[in-house]
Structures are given as structure tokens and as C-alpha cells.
Amino acid sequence: MKVLSLANIKQQKKRDITNEKRRVKNSQVKSTIRTAAKKVSKVTEIKENKDVAVIQESYTSFIKIIDTAASKGIIKKSTAARKKSRLARKVNSAVSAIN
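Position labels on residues start from 1 in each chain and follow its written sequence. Residue-level local features of this predicted model are given only where pLDDT is at least 70; pairs of side-chain atoms are given and counted only at 80 or more, and the full residue set underlies all totals for whole chains, interfaces and linings. Processing note: side-chain calculations cover all non-hydrogen atoms of the structure and skip hydrogens and water entirely.

1. What about the packing of helix α1 (residues 10-45) against helix α2 (residues 52-71)?
Each packed pair of helices is defined by two parameters, the angle between the axes and the distance between the axes. For clarity, the cut-off: The axes used here are C-alpha line fits, helices contributing only the stretch in contact, and every angle between their N-to-C directions lies in the interval 0 to 180 degrees. Counting from the N terminus, the helices are DSSP H or I runs at least four residues long and the strands are E runs at least two residues long. Note that the term roughly parallel is reserved for angles under 35 degrees, roughly antiparallel for angles over 145, roughly perpendicular for angles of 65 to 115, and oblique for everything else. In this scheme the handedness of a crossing depends on how the near helix is turned from the far one: anticlockwise by less than a right angle means left-handed, clockwise means right-handed. Throughout, a contact is declared for two residues whenever any of their heavy atoms are within 4.5 Å. Think of it as three bins: nonpolar holds Ala, Val, Leu, Ile, Met, Phe, Trp, Tyr, Cys and Pro, charged holds Asp, Glu, Lys and Arg, and polar takes everything else, Gly as well.
The interhelical angle for the contact between α1 and α2, taken along N-to-C directions, is 160 degrees, at an axis separation of 9 Å. Here α1 is positioned roughly antiparallel relative to α2, judged by the angle of their axes. Taken as a pair, α1 and α2 cross one another with a handedness that is left-handed. Of the residues in α2, those touching α1 at Val29, Thr32, Ile33, Ala36, Ala37, Lys39, Val40, Val43 and Thr44 are Val54, Ile55, Ser58, Tyr59, Phe62, Ile65, Ile66 and Ala69. In terms of residue class, the contact of α1 with α2 is made up of 13 nonpolar, 3 polar and 1 charged.

Shown next, in the form of C-alpha cells:
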């Protein structure tokens, strides 16, 4: 991984490399969170063949992903709670519409 560093100090050059690795990893995790959220939204919005188990399973996998990211500090805990709450409302309304 080639990092453009303007630093003259050896330790700062090392930190630039580390920061770039972390930035790439964090962006991958954030992308995974967005993908999981879209998957849950898509499952809840399907009109035909709604299955409660599929909705719950996709929401549970989203919860696991976002809680892991929040515990590692990739996103803030309040952001994770807000995203979970908003999706929980969608999931609950979809499940109540099925029943």
C-alpha cells in the first residue's frame, strides 16, 4: 500500500501508513452496514411472499454487524442505536402487516 506522505519524521510516516489501513477497513465496514440496512429495507418492502422468519433473520444479521462496528468504535453508539431503532420500526410494521 503506497501512501503519499509529506512528513519528514519516520514515526509520522509509519502513522500515515497505519491511518490509511484503518481508513480502508473502516470504509469497508461502513459499506457493509449500509448494504445490510438496504437488505432489511428491501425485505420489508416486498409486497408478495412476506415471511416473518426472513425479515427477522435479516434484521438480526444487521444488528450483529452494527453492534460489532459500534463496539469497535467505527461508528458511534448513538448512531448505531438510531439506525437500529429506525429499522426496527420498519420491521415491526411489516410484521404486523403480515399478521
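Read on for the rest.
2. Examining a positive patch on the surface
Here is the rule we go by: What makes a patch is a set of residues exposed beyond 30% relative accessible area and free of salt bridges, joined within 9 Å when like-charged and within 5 Å when nonpolar (Val, Leu, Ile, Met, Phe, Trp, Tyr). Accessible areas in this description were obtained via Shrake-Rupley with a 1.4 Å probe; residue shielding takes into account the shown protein chains only. Salt bridges, as used here, are contacts in which a Lys or Arg side-chain nitrogen is within 4 Å of a carboxyl oxygen on Asp or Glu. Charge convention: Lys and Arg are scored as positive, Asp and Glu as negative, and His as well as the terminal groups of each chain are ignored. For this purpose, a charge sits on NZ of Lys, CZ of Arg, CG of Asp or CD of Glu. Partly exposed residues are those whose accessible area sits between 20% and 50% of the maximum for their type, while under 20% is buried and over 50% is exposed, using a 1.4 Å probe and protein chains only.
On the surface, Lys30, Arg34, Lys38, Arg82, Lys83, Arg86 and Arg89 cluster together into a positively charged patch. Those elements giving two or more residues to the positive patch turn out to be α1 and α3 (77-98). Ranked by residue count, the leading element in the positive patch is α3, at 4 residues. Here Lys83 falls in the partly exposed class, since its relative accessible area comes to 36%.

3. Let's talk about the nonpolar core
Inclusion rule: In these notes, a set of buried Ala, Val, Leu, Ile, Met, Phe, Trp, Tyr and Cys residues joined through side-chain atoms within 4.5 Å is what counts as a nonpolar core.
Counting 20 residues, the largest nonpolar core has Ile33, Tyr59, Phe62 and Ile75 as the members making the most contacts within it. Taken together, the elements giving at least two residues each to this core come down to α1, α2 and α3. Per-element tally for this core: the top contributor is α2, with 7 residues. Apart from the residues lying within four places of it in its own chain, the contact partners of Ile75 are Lys30, Ile33, Ile66, Ala69, Ala70 and Ala80.

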